[in-house]
Amino acid sequence: MKILVTGGLGYIGANTVIALAEAGYEAIILDNLSNSRMAVLGDIEGILDREVPFYKGDLLDEKFLEGVFNKEHPDGVVHFAGLKAVGESVALPLKYFENNVAGTLNLLKVMKAFEVYRVVFSSSATVYDPQNPPPFTEDMPLGPTNPYGDSKWMVEGILRRLSETHDPWAIGILRYFNPLGAHESGLLGEDPRGIPNNLMPYITRVAKGELKFLRIFGSDYDTMDGTGVRDYIHVADLARGHLMALTALSRGRGLGIYNLGTGRGHSVLEVVRTFERVNAVKIPYEYHSRRPGDVAVSFADTSKAAKALGFKASISLETMCRDAWRYEKTKK
Ligand code: NAD
Ligand code: UDP
């Protein structure tokens, strides 16, 4: 089966291309390189020891999309392409709605025109209303608190309505919790431009000496050690979740929404201590005030993905920390 992977040179997309190819799918990559590098294609091909078709272009360019579908006639799409920086989305909401919502609309229109009705969409735990008590279940009320989250919520709404039409859509919405780590080869990690916003890329740059110390946002949360708790999932586990979602879609039409997490929360301090222990490096840190918009605790209820997809994350926080550091040390 031929799968078009939008955003396939990005962090999660690239790792999923590997998982797809290793499971026997034919993966085709589409990316505009707005947040990724061409070198990643070489890394993917190196790991797989074969060429992977790549199309450079933008979801906002409908003609380009038609060209790709005309040439490749994919059987399905795994749709990662999107902008994902929460802070930037607050400053530039229209950019986020255009790229993430209008870009997805173009993709769906072209899919329908070519009668490709199978799609897995990258959503996020940020769609949940933060008032919900964790663990988050898929049927809890939604209520994103920033334009990035809104863009995911809007696309979820579009996909839900599409699944109610007469067309035979088979749609998987995956709500990722906090992906960490890299491919075991030491390639295909998370490489944000500039100063990282997320915890692990910040930690690895402190470990490398490029940043002096980690600022821990909040030490007075109602958690085991006062720092924020999140559900960190290894990117290889996440990639595997996409395979299982695709298998479920092949069983028929409809819409399925699934959390992808481990179901376990770890505090910021736990992540720091684990990183220090497994990598034998020191991470200096200082406590800062809470980051606006952060919740104290977020972790997934994973029972639906386990029951419906047979998905269970298995890679430990130790491995996530080891793989993230290996990637940072060796990245070009
Ligand atoms: P990423 O930025 O590494 O990958 C996204 C890729 O999409 C990039 O290579 C970028 O160049 C490409 N892209 C963006 N807009 C495009 C467009 N209009 N046309 C073509 N290509 C475009 O991000 P990631 O971490 O791999 O995330 C992948 C998806 O998962 C995103 O939709 C993101 O919102 C979602 N997600 C990520 C996280 C996370 O913490 N990384 C958590 C939840 C959800
Ligand atoms: N965090 C932190 N310092 C940083 C970045 C993040 O203390 O430099 C904390 C943040 O407050 C949250 C956790 O680490 O409790 C995960 O944050 P991240 O931005 O990685 O993911 P989020 O859950 O916000 O999407």
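Here is what the cut-offs are and how they apply
Residues numbered from 1 in each chain as written. Chains lettered and ligands numbered in written order. Predicted model: local features only at pLDDT ≥ 70, side-chain atom pairs only at ≥ 80, totals over all residues. Heavy atoms only, no water. Helix = DSSP H or I, 4+ residues; strand = E, 2+ residues; numbered from the N terminus. Rg over C-alpha atoms; globule rule 2.2 N^0.38 Å. Contact = heavy atoms within 4.5 Å. Areas by Shrake-Rupley, 256 points an atom, 1.4 Å probe, with all protein chains shown as cover. Lys, Arg positive; Asp, Glu negative; His and termini not counted. Charge placed at Lys NZ, Arg CZ, Asp CG, Glu CD. Near = heavy atom within 4 Å. Polar contact = N/O pair within 3.5 Å; in protein donor to acceptor, adjacent residues only side chain to side chain. Pairing = 2+ DSSP bridges. Axes fitted to C-alpha atoms, helices over the stretch in contact; angles between N-to-C directions.

A. Quick peek at the overall build of the protein chain. The helix and strand inventory of the protein chain stands at eleven helices and 13 strands. Rg of the C-alpha trace for the protein chain: 19 Å, near the compact-globule value of 20 Å for 332 residues, within the 12% margin. Dimensions along the principal axes, computed over C-alpha positions, put the protein chain at roughly 55 × 45 × 40 Å. The contacts of the protein chain with a sequence gap of at least 6 include a subset with a gap of at least 24, amounting to 79%. As presented, the protein chain carries roughly 14600 Å² of accessible surface, and 52% of it is formed by carbon and sulfur atoms. Taken as two groups, the 38 positive and 40 negative side-chain charges of the protein chain have centres that lie 2 Å from each other.

B. Representation of the site of ligand 1 within the structure. Taken together, 27 residues sit near ligand 1, with Asp31, Asn35, Ser36, Lys84 and Tyr148 positioned nearest. Between an oxygen atom of ligand 1 and a side-chain N or O atom of tyrosine 148, the distance comes to 2.7 Å. Out of a free accessible area of 820 Å², ligand 1 has 95% covered by protein chains. Of all the elements in the fold, those that place two or more residues in the shell around ligand 1 are helix H1 (11-22), strand E5 (118-124) and helix H6 (147-162). Of all the elements, E5 adds the most residues to the shell around ligand 1, at three residues.

C. Inspection of the sheet that holds E5 at higher detail. Pairing is parallel in the open sheet, where seven strands are placed in the order E3-E2-E1-E4-E5-E6-E11. Each edge of the sheet is formed by a strand with only one pairing partner; in this case those strands are strand E3 (54-56) and strand E11 (254-260). When strand polarity is set aside, the average angle formed by the axes of neighbouring strands in this sheet is 20°. Across the sheet, H1 lies against strand E1 (2-6), strand E2 (26-31) and strand E6 (170-176), angled at about 170° from E1, the strand it touches most. Seen against the sheet, H6 touches E5, E6 and E11 and runs at an angle of roughly 150° to E5.

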